[in-house]
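Given next are the chains, with one letter for each unit.
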Amino acid sequence: TRCSRDWSSDVCSSDLDGSVAEREIKIAKAIADFEQALRIDPEFRDACYNLAVTLFETRGAREAVACLDSALAKWTGAADFEQLRTALMAANAKA
């Protein structure tokens with residue numbers, strides 16, 4: 001399952017209600033889970049995609065684009081990753 005492509009949404013989950021600290025803990029766990037999934041299975045494209053979305057929403061475009069660049073080096077011509085990279089760059093330019 002992929003995260004929403006709506007950059008204004010909260011990470012990948014609708015259950016991020018609660019305190020800022022709880023939200024930050026859940027986000028950190030989501031990032032760690034995506035990274036662990038990729039260590040276990042480097043071909044797990046959805047984990048890579050979701051990691052990039054989550055990084056963009058929490059840490060900004062630089063880390064997200066670096067994640068996508070690594071994915072595009074592995075999966076040359078992956079249109080979904082190229083589209084996401086373009087969208088993140090455009091969203092970052094507007095900010």
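Take the overall build of the protein next. Of regular secondary structure, the protein possesses four helices and zero strands. From first element to last, N terminus to C terminus, the protein shows the α and β order α-α-α-α. Of all 95 residues assigned to the protein, the portion counted as buried reaches 34%. Considering only intrachain contacts with a sequence separation of at least 6, the fraction spanning at least 24 residues in the protein is 56%. For the protein, the accessible area works out to roughly 5700 Å², and carbon and sulfur atoms hold 53% of it.

This brings us to the packing of helix α2 (residues 45–59) against helix α4 (residues 79–94). Two elements in contact, α2 and α4, have axes whose closest approach is 11 Å; the angle formed by their N-to-C orientations is 0°. Considering the angle they form, α2 stands roughly parallel to α4. Across from Arg45, Cys48, Tyr49, Ala52, Val53 and Phe56 in α2, the residues of α4 making contact are Asp80, Phe81, Leu84, Leu88, Ala91 and Asn92. Partitioning the contact of α2 with α4 into residue classes produces nine nonpolar, one polar and two charged.

How each quantity is defined
- Residues numbered from 1 in each chain as written.
- Predicted model: local features only at pLDDT ≥ 70, side-chain atom pairs only at ≥ 80, totals over all residues.
- Heavy atoms only, no water.
- Helix = DSSP H or I, 4+ residues; strand = E, 2+ residues; numbered from the N terminus.
- Buried < 20%, exposed > 50% of the residue type's maximum accessible area, 1.4 Å probe, protein only.
- Contact = heavy atoms within 4.5 Å.
- Areas by Shrake-Rupley, 256 points an atom, 1.4 Å probe, with all protein chains shown as cover.
- Axes fitted to C-alpha atoms, helices over the stretch in contact; angles between N-to-C directions.
- Parallel < 35°, antiparallel > 145°, perpendicular 65-115°, else oblique.
- Nonpolar A, V, L, I, M, F, W, Y, C, P; charged D, E, K, R; others polar.

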